[in-house]
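Coordinates in review
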Amino acid sequence: MTAAGSVSAAPATPGPGRRALAVFTRDKPALAGAVVLVALMAFCFLGPLIRPTDQVHTDLGRANLPPGSPGHPLGTTDLGYDMLGRLMTGGQTSLEVGLAAGLLATFIGTVYGAVAGYFGGWLDAAMMRITDAALAIPALFLLVVVATIVTPSKPVLTLIIASVAWLSPARLIRGEALALRSRDYVHAMRLMGGGGTRAVFRHIVPNAIGTVIVNATFQIADAILYVAYLSFLGLSIPPPAADWGSMLSTGITYTQVGYWWLIFPPGIAIVLVVAAFTFLGDGLRDAFDVRLQRTRRNRR
Amino acid sequence: MGRSETRTRLRTLLAGLLAVLLTLLTGGCSAWSGRVTDVGAIGGTRVEGGTATMALPPAAGPNWIFPIGAPGYLASYNGALQNLLYPPLYQPVRKGGTLTMDNPRNLAEPPRYGDGGTTVTVTLKKGYTWSDGTPVTTGDVKFWFDLIKDNKKEWGGYSPGLLPDNVRRFETVDDRTFRLRLDRAYNPAWFTANQLGQNVVPLPRHAWNPRNESPRKTFARLLGHAKRLSAFATDPLWKTVSGPWKIERWSTSGQVSLVPNRRYTGPDKPHLDRVVFKPFTTADSEFNVLRSGGVDYGYIPPSVMAQAGRFKERGYRVDPWEGWAITYIVLNLNHPTTGPMLRQTYLRQALQYLIDQRSIARVVWHGTAAPTRGPIPAGLLARDPYPYDPARARRLLAAHGWRERGGVLRCVRPGTGPDACGKGIRDGQRLKLSLLSQSGSTETSNQMQEIKSSYDRAGIALDIRQQPLNTVLGTTVPCKRTEPLCSAWELGFFGTAGSWYFQPAPSGEQLFATGAPSNMGNWSDPRADELIKATEYSGDPAAMRRYGEYVARQVPVLWTPNPAYQVSVIRNDLRGIDQNPTLTLAPQDWYFVKADKKAGRG
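Residues numbered from 1 in each chain as written. Chains lettered and ligands numbered in written order. Predicted model: local features only at pLDDT ≥ 70, side-chain atom pairs only at ≥ 80, totals over all residues.

1. Observations regarding the overall build of chain B
- Summing up its helical and strand segments, chain B has 16 helices and 27 strands in all.
- In terms of overall size, chain B behaves like a compact globule, its C-alpha atoms giving a radius of gyration of 27 Å where 602 residues would be expected to give roughly 25 Å.
- Summarising its shape, the C-alpha atoms of chain B cover approximately 80 × 75 × 55 Å along the three principal directions.
- In chain B, buried positions account for 46% of the 602 residues.
- Summarising the internal contacts of chain B: among those between residues at least 6 apart in sequence, 70% fall at separations of at least 24. (Helix = DSSP H or I, 4+ residues; strand = E, 2+ residues; numbered from the N terminus. Rg over C-alpha atoms; globule rule 2.2 N^0.38 Å. Buried ≥ 20, exposed ≤ 12 C-beta atoms within 10 Å, placed from the backbone. Contact = placed C-beta atoms within 7 Å.)

2. Structural notes on the overall build of chain A
- On a plain count of helices and strands, chain A comes out with 13 helices and zero strands.
- Sequence-ordered secondary structure for chain A, helices as α and strands as β, is α-α-α-α-α-α-α-α-α-α-α-α-α.
- Referenced to the eigenvectors of the C-alpha coordinate spread, the extents of chain A come out at roughly 90 × 60 × 30 Å.
- In chain A, which comprises 300 residues, the share counted as buried stands at 46%.

3. Quick word on helix H4 (residues 121-136) of chain A
- Along its 16 residues, H4 of chain A runs 23 Å from first to last C-alpha, staying within 8% of the 22 Å computed at 1.5 Å per residue.
- Where burial is concerned, little of H4 of chain A is hidden: one out of the 16 residues are buried. (Expected span 1.5 Å × (residues − 1).)

4. Some remarks on the environment of Arg-426 of chain B
Residue and element names in this part refer to chain B.
- Secondary-structure assignment places Arg-426 in the loop between strand E18 (408-411) and strand E19 (432-438).
- Linking Arg-426 and Gly-415, residues 11 residues apart in sequence, is a C-alpha distance of 8.3 Å.
- Among residues more than four places away in sequence, those in contact with Arg-426 are Cys-411 and Pro-414.

5. Details of the nonpolar core
- The biggest cluster of nonpolar side chains holds 85 residues, and the ones touching the most others in it are Ala-55 and Tyr-297 of chain B.
- Each of domain 1 (34-323 + 565-594) and domain 2 (325-563) of chain B gives at least three residues to this core.
- If you look at the next biggest cluster of nonpolar residues, it comprises 75 residues, including Met-88, Val-97, Ile-237 and Leu-280 of chain A. (Core = buried A, V, L, I, M, F, W, Y, C linked by C-beta atoms within 7 Å. Domains from an automatic or database assignment.)

6. Re the sheet that holds strand E5 (residues 112-114) of chain B
Residue and element names in this part refer to chain B.
- Taken together, the four strands give an open sheet; going across it, the order is E5-E6-E8-E7, and neighbouring strands pair in antiparallel fashion. Of all the strands in the sheet, just E5 and strand E7 (167-172) have a single pairing partner and so form its edges. Sheet twist, expressed as the mean angle between neighbouring strand axes with direction ignored, is 20 degrees.
- Pairing between strand E6 (residues 119-123) and strand E8 (residues 177-182): five bridges, direction antiparallel. Across the sheet, Thr-123 pairs through a bridge with Thr-177, a residue of E8. (Pairing = 2+ DSSP bridges. Axes fitted to C-alpha atoms, helices over the stretch in contact; angles between N-to-C directions.)

7. Section: the UniProt feature "domain: Solute-binding protein family" (unreviewed entry) in chain B
- UniProt annotation of "domain: Solute-binding protein family" (unreviewed entry) refers to residues 106-470 of chain B when read in the numbering used here.
- Between the C-alpha atoms that bound residues 106-470 of chain B the distance is 36 Å, and the span itself is 28% helix and 21% strand. (UniProt positions renumbered as here; feature names shortened; annotations may be inferred.)

8. Regarding the UniProt feature "transmembrane region" (unreviewed entry) in chain A
- Summarizing the sequence annotation, UniProt attributes the feature "transmembrane region" (unreviewed entry) to residues 29-50, 97-121, 212-237 and 257-281 of chain A in the numbering used throughout.
- In the segment residues 97-121 of chain A, helix accounts for 96% and strand for 0%; the C-alpha atoms at its two ends are 36 Å apart.

9. As for the domain arrangement of chain B
Residues and elements named next belong to chain B.
- Taken domain by domain, chain B holds domain 1 (34-323 + 565-594) and domain 2 (325-563).
- Each of domain 1 and domain 2 was reduced to a C-alpha centroid, and the two centroids are 34 Å apart.
- Between domain 1 and domain 2, the contact holds 24 residues from the first and 22 residues from the second.
- Elements supplying a minimum of two residues to the side of domain 1 that touches domain 2: strand E4 (98-100) and helix H4 (188-196).
- Of the residues forming the side of domain 1 that touches domain 2, the biggest block, five residues, is contributed by H4.

10. Things to note about the pairing of strand E20 (residues 461-467) of chain B
Residue and element names in this part refer to chain B.
- A large share of E20 lies buried, amounting to five of its seven residues.
- Here E19 runs beside E20; their pairing, made up of seven bridges, is parallel. Its bridge partner being in E20, Gln-438 is matched across the sheet by Gln-467.
- A crossover connection joins E19 to the parallel E20 through helix H13 (residues 442-457); in handedness this β-α-β unit is right-handed. (Right-handed = clockwise from strand over helix to strand, strands pointing away.)

11. Remarks on unusual backbone geometry
- Backbone torsion omega between Pro-239 of chain A and Pro-240 of chain A reads 10 degrees, so that peptide bond is classified as cis.
- Inspection of the secondary structure assignment puts Pro-240 of chain A in the loop between helix H10 (209-232) and helix H11 (244-253).
- Cis geometry marks the peptide bond from Leu-163 of chain B to Pro-164 of chain B, where omega comes out at 0 degrees.
- Checked against the element boundaries, Pro-164 of chain B lands in the loop between helix H3 (138-150) and E7.
- A positive phi angle, close to 60 degrees, is found at Asn-64 of chain A, a residue other than glycine.
- Counting through the fold element by element, Asn-64 of chain A comes out in the loop between helix H2 (28-50) and helix H3 (83-119).

12. Observations concerning the environment of Asn-470 of chain B
- Summarising the element assignment, Asn-470 of chain B is placed in helix H14 (residues 469-475).
- Distance from Asn-470 of chain B to Gln-438 of chain B, taken between C-alpha atoms, is 8.3 Å for residues 32 residues apart in sequence.

13. A word on the pairing of strand E27 (residues 591-594) of chain B
All names here are of chain B.
- As judged from the three bridges shared by strand E1 (residues 45-47) and E27, these two strands associate in the antiparallel manner. Looking at E27, one finds that Thr-45 is bridged to Lys-594.
- One ladder, built from two bridges, connects strand E26 (residues 574-575) with E27; its direction is antiparallel. When the sheet's bridge partners are listed, Leu-574 is paired in E27 with Phe-592.

14. Brief notes about the interface of chain B and chain A
- Across the contact, 34 residues belong to chain B and 31 residues belong to chain A.
- Elements represented by at least two residues in the side of chain B that touches chain A include exactly helix H1 (3-29), helix H11 (357-364), H13 and E20 of chain B.
- Considered class by class, the residues forming the side of chain B that touches chain A number 12 nonpolar, 15 polar and seven charged. (Nonpolar A, V, L, I, M, F, W, Y, C, P; charged D, E, K, R; others polar.)

15. What about the packing of H3 of chain A against helix H7 (residues 167-180) of chain A?
All names here are of chain A.
- Where H3 meets H7, the closest approach of the two axes is 7 Å, and the angle between their N-to-C directions is 35 degrees. Here H3 runs over H7; the crossing is right-handed. Residues Ala-105, Thr-106, Gly-109, Thr-110, Tyr-112, Gly-113, Ala-114, Ala-116, Gly-117 and Tyr-118 of H3 form the contact with H7, whose own contacting residues are Leu-167, Ser-168, Pro-169, Ala-170, Arg-171, Leu-172, Ile-173, Arg-174, Gly-175, Glu-176, Ala-177 and Leu-178.
- Partitioning the contact of H3 with H7 into residue classes produces 12 nonpolar, seven polar and three charged. (Left-handed = near helix turned anticlockwise from the far one by under 90°.)

16. Some details on the confidence of the model for chain A
All names here are of chain A.
- Per-residue confidence for chain A averages 86 on the pLDDT scale, and 91% of its residues sit at or above 70.
- Least confident of the elements in chain A is helix H13 (residues 290-299), whose mean pLDDT is 57; most confident is H2, at 95.
- For the stretch residues 1-6, pLDDT sits under 50, and the model shows zero contacts to residues farther than four places along the chain or on other chains. (pLDDT = per-residue confidence, 0-100.)

17. Overview of the confidence of the model for chain B
Residues and elements named next belong to chain B.
- Averaged over every residue, the pLDDT of chain B is 89; the share at 70 or more is 92%.
- Per-residue pLDDT stays below 50 along residues 25-31; that stretch engages in six contacts with residues further than four places along the chain or on separate chains.
- Reported confidences for the modelled complex are a pTM of 0.80 and an ipTM of 0.73.

18. Quick look at the sheet that holds E19 of chain B
Residue and element names in this part refer to chain B.
- Here five strands make up an open sheet; going across it, the order is E20-E19-E21-E15-E23 and the pairing mixed. Every interior strand has two partners, whereas the edge strands, E20 and strand E23 (557-559), have only one. Strand-to-strand, the axes of this sheet are offset by a mean angle of 25 degrees, without reference to chain direction.
- Seen against the sheet, H13 touches E19 and E20 and runs at an angle of roughly 165 degrees to E20.

19. With respect to the environment of Ile-570 of chain B
Residue and element names in this part refer to chain B.
- Among the secondary structure elements, Ile-570 is positioned in strand E25 (residues 566-571).
- Of the residues examined, Ile-570 has 23 C-beta atoms within 10 Å and is grouped as buried.
- Once residues lying within four places of it in the same chain are set aside, the contact partners of Ile-570 are Tyr-297, Tyr-316, Arg-317, Asp-319 and Ile-577.

Below, the structure is given as structure tokens:
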């Protein structure tokens, strides 16, 4: 007697997380971005533990030493700080403020956009007009004005940058929320007596998480650039603290004298970190794109 | 967020990087087109004629021609140009390390003081005429005096108690002689330098007030003309001048072109055909024009001093223009928390011992600054009472009950005894200060970082806040202890181009006298007040030195290196330039030289 029939085992369908990971790992620029970011993080946060330098006290007797000078592979600054050590500590400020400001802006923008999109009506109209009005003011102008009034510190810079950067994610998530609020599971939740807060935080935001994460990477990249802009304009964290923007600003002073080692390292670091975040964000966007996952699976 | 946006973002980033690289390539490595025929710094044959172009400071467009400066129009470049058209009776001139009023280009003979210093008699030199041929007379000086007397509130140079308040009567003796009866006896040297000097300017009464109108009406009418910047070159009013130059062009952007006044009767007739003063919006744009040969007399930022050799190779000389000035960090002695600490002389002395002025001047200012020794220009003081000595500073603080805990000094012996911290300082109070410094200058920022570093090593915590100059100037103002404004700042610095520029006599009546308008730190010392009064009233030539030495020892402010007004770069074939510390100009002395028989430029 044989079994009435046997069904050959269908190949197991990978979950959405594994599918996203598969798409992401095939995206070489995104992988390269991730590797560069990890390397820069290690350089900035682990580097000073391995190679500690005094970045507080000046040493005028060792000012402007060129790269390759004994004990200073990247030379020294105009106040005698070791350039390699300063690049590490300066990077800490840029990355910390950039990450914090980018994540804070994404959080505010996500909640704001989700609330506006889910509730709709006059509330949506009012909230979005506020966003439109704020977007009409040049961000850099606002940043410069605020940074002139208050003394910049890491938390203050984070708040200042986040206060102008949340507008873009707010509009993006609002669009997602408009589409998600008419889904069956949201209707079902409502029929079971679920309220607006539950809908926003348990259904709208989690289902827009792909967009949120992708946007966060771009927000971080933008925030790092904003830190550099402000520092370049002389509105950085007071000395002896430094960030890559203020290092670049100081270095530009010596363009005519040919002290290239004061300019290129922080300039290249800014470009590398922003490009890395951009590639990473692009890779994540593809990884979370369901249609792209299907297309690639079908091709296999 | 799609691929196209990513590409745009990357393109923007790469464009930014490219721009930086191009800036470096064009700025640091490009060929200089400004090479001139080098005749060396000395020698050559003088040639008459030619046009010299001088760069004005960044964002400094001359905008006032009327010799009675209105408030807000007193910038040095305005005064310097006015002097070329309407020279004052007396002008300072540098002799050795000091200034004297004995200047051959003065319009008057040296003043004669009488009646115990209560009258001063001035005689105009013979032969001076206006450009229309009318002689310069005492009536023209009286015209000026009446205008400022009846309109003193509108005169930017007015200080209560000084001119014209201190003149009881103006007496006309004859066409060339007048006498001023003063309200008390004054030190003749001080009165000549700071009251007669640069202030008193003969004005063409016959051309500016032909209908003999009242001083108030005349002043209002002249002020109306003075506000029409676009008409400075065409308005007939400004055609009658007494100086060696007259206006050819005066653009609203601030470019001024002067040509010789051919009817000038003074001893210093111009050699050039024309002198052009060129405005610039930024120092960078000026630097680029200088390198391209667009100006004959320009300036470079101190950070470029390391490249002075490149300018010298191309036929220029580099000459820092030192001002008659001092530079300092103001201490707010009325601050509710730190005021009691800053009022202790030993503590101010310790803070001063920790400032390495020589190294800062050499490294941070690239040799374009000189240490400030006290309240008068450094050349007038024999020595620096507080040279850099961190060990001595530490001993001084330890001797007064300060001990380091957690990296910061704390008062462990409160009280008023000779070995205690001093009145008003609490037990355990930390020696922590906050400095509000002007932003926008790498040199200033670096100087403050160096001072902070030095203080940190001694256990003094110093926070630095950088704000734009106008914010610093608006915050660091004299205040009373009870006013909220007094809590807004502890230490202040606004001296990137020098904190205080003196009148020819560097007395302290406006700076360190009790309640003086520019005594920002609220310092008050009866002995200093006496010494300041002596510089104004007594005829003792040592009064100024005594005042300078006393106040230097008291350290009412922290003396810091005094930067040059500008680091000038001048063509080697342009000669006769004397960079006057009071920032006046004398292009009538300038001339070109040639190395051989070829004709000069022009």
